[in-house]
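# Examining the three-dimensional arrangement
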Amino acid sequence: MADRRMRRFFGSATSGAAAAVLLFAVPSLVRPEVPAVQTILIPGVALELSFRALQPGEVILVKRREDPSVRRIDLRLRTQTRRVEFDGKSRTVLLGIDVAARPQSYFMEITTERRDGSKENVFRKLTVGPKEFPETNLTVAPGMAKAPPEEAERIKREAALVASVLGAVSPEWLGEGPFVSPLPEGEPFPNFGQRRLYNNEVASTHMGVDISAPEGTPVRADNAGRVVLASDLYYSGMTIIIDHGLGVFTFYGHFSKILVKRGDLVKKGDLIAEVGHTGRSTGPHLHWSVRILDSRVDPFSLAALPLE
Ligand SMILES: [Zn+2]
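Predicted model, so just to flag it, every value in this text is computed and none were measured.

### A closer look at the overall build of the protein chain
Counting secondary structure elements, the protein chain contains four helices and 22 strands. Counting the 308 residues in the protein chain, one finds 39% classified as buried. Across the protein chain, the fraction of contacts at a sequence separation of at least 24, relative to all contacts at a separation of at least 6, is 66%.

Laid out in structure tokens, this is it:
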């Protein structure tokens, strides 16, 4: 049963011939153990970090700890900078570890500004461990792995549109509490980060998770935010992108029907669309992915975190 569904979805980005090859490629995939969320304190700094794992594709939630002497803390990790304010209500601060991040030690630069005006700068080591992502290797006829040349211009235009949408960071947090699955009754596949090889060459990395459900199943907003894209795209079909603020975006694809439009404000749990198989997909499912600034991360890593 699971194998049959997986065949359909793992084959969804490719042709019928390639999908047939997947019959043999899929059974080696095993659902990975999901680690529990852990919290660490940074000695001498009024912050705590929560995450499932320090690995590529994971999300780190940063929370402030009680310290009346602190006004704000600026953080820098790899290419991402974040500010934690200690005045007013708690603010959500998320850092992403990109799916393609090299497993190694990174230094997080932490600048604490105190109310007396003094500043301290410290570096703390965060060791990002290796992660094994699933892989499928498909043997297809030369030329079958790529989109037809007449679609190249459309694909390029749509990639630029998505990049410009994801590049526009809203300065305010729009979400409310933790993220939830947009399709909780569906069957998620452990295919985040899956490397898809065609004829032994890496053709693509799967940047989201696929969740199987019958066509027409309602899909809901994973958190509050603003719809910043609601369009029919070549690869992901009928697609929605929701901006949750501070560079956090969720992306949903392959719908049969879109029920919101660009500019709409949605609440967590609002109906946004129905499951379908538009775009490069041979069976009904939801493709769900998350971007945090420049990091592509596992949506279930984000949904595991106890956001306030
Ligand atoms: Zn997908």
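### Structural notes on the sheet that holds strand 14 (residues 218-220)
Pairing is antiparallel in the open sheet, where three strands are placed in the order 14-20-18. The strands lining the two open edges of the sheet, one partner per strand, are strand 14 and strand 18 (257-258). Relative to strand 20 (residues 271-274), strand 18 is paired through two bridges, and the arrangement is antiparallel. Its bridge partner lying in strand 20, Ile 258 is registered against Ala 273.

### Some details on the sheet that holds strand 12 (residues 201-205)
Each strand in a sheet pairs with another by means of backbone hydrogen bonds, the pair being arranged parallel or else antiparallel. The sheet built from three strands is open, its strands ordered 9-11-12 with mixed pairing. Pairing within the sheet leaves two strands with one partner each, and these edge strands are strand 9 (135-138) and strand 12. Sheet twist, expressed as the mean angle between neighbouring strand axes with direction ignored, is 25°. With four bridges joining them, strand 9 and strand 11 (residues 195-198) adopt parallel strand pairing. Within strand 11, the residue paired with Thr 136 across the bridge is Arg 196.

### Describing the nonpolar core
One finds Val 59, Ile 60, Val 62, Leu 94 and Ile 240 to be the most contacted residues of the largest nonpolar core, which totals 58 residues. Among the elements that take part in this core, strand 17 (residues 248-255) stands out by supplying five residues, more than any other. Split by domain, this core shows at least three residues from each of two domains, domain 1 (38-127) and domain 2 (134-303). Setting aside its immediate chain neighbours within four residues, Val 59 contacts Phe 51, Leu 94, Gly 96, Ile 292, Val 297, Ser 301, Leu 302 and Leu 305.

### Observations concerning the pairing of strand 3 (residues 59-64)
Where strand 2 (residues 47-51) lies against strand 3, four bridges are found, and the strand directions are antiparallel. Note on strand 3: the bridge partner recorded for Ser 50 is Leu 61. Looking at chain direction, strand 3 and strand 6 (residues 93-96) are connected through four bridges and run antiparallel. What sits directly across from Val 62, in strand 6, is Val 93.

### Considering the confidence of the model for the protein chain
Here the protein chain averages 88 in pLDDT, and 88% of its residues register 70 or above. Note that residues 1-30 has pLDDT below 50 and, in this model, 52 contacts with residues that lie over four places away or in other chains.

### A word on the pairing of strand 20
As paired elements, strand 14 and strand 20 share three bridges and run antiparallel to each other. From the neighbouring strand, Arg 220 faces strand 20, where its bridge partner is Leu 271.

### Describing the environment of Val 209
As for its placement among the helices and strands, Val 209 is situated in strand 13 (residues 208-212). Along the primary structure Val 209 and Pro 299 are separated by 90 residues, whereas in three dimensions their C-alpha atoms are 7.3 Å apart. What Val 209 contacts, discounting residues up to four positions off in sequence, is Pro 188, Phe 189, Asn 191, Phe 192, Trp 288, Asp 298, Pro 299 and Phe 300.

### Section: unusual backbone geometry
Although it is not a glycine, His 254 sits at a positive phi angle of roughly 75°. Locating His 254 in the fold gives a position in strand 17. Classification of His 254 by C-beta neighbours within 10 Å gives buried; the count is 27.

Basis of the calculations
Residues numbered from 1 in each chain as written. Predicted model: local features only at pLDDT ≥ 70, side-chain atom pairs only at ≥ 80, totals over all residues. Helix = DSSP H or I, 4+ residues; strand = E, 2+ residues; numbered from the N terminus. Buried ≥ 20, exposed ≤ 12 C-beta atoms within 10 Å, placed from the backbone. Contact = placed C-beta atoms within 7 Å. Pairing = 2+ DSSP bridges. Axes fitted to C-alpha atoms, helices over the stretch in contact; angles between N-to-C directions. Core = buried A, V, L, I, M, F, W, Y, C linked by C-beta atoms within 7 Å. Domains from an automatic or database assignment. pLDDT = per-residue confidence, 0-100.

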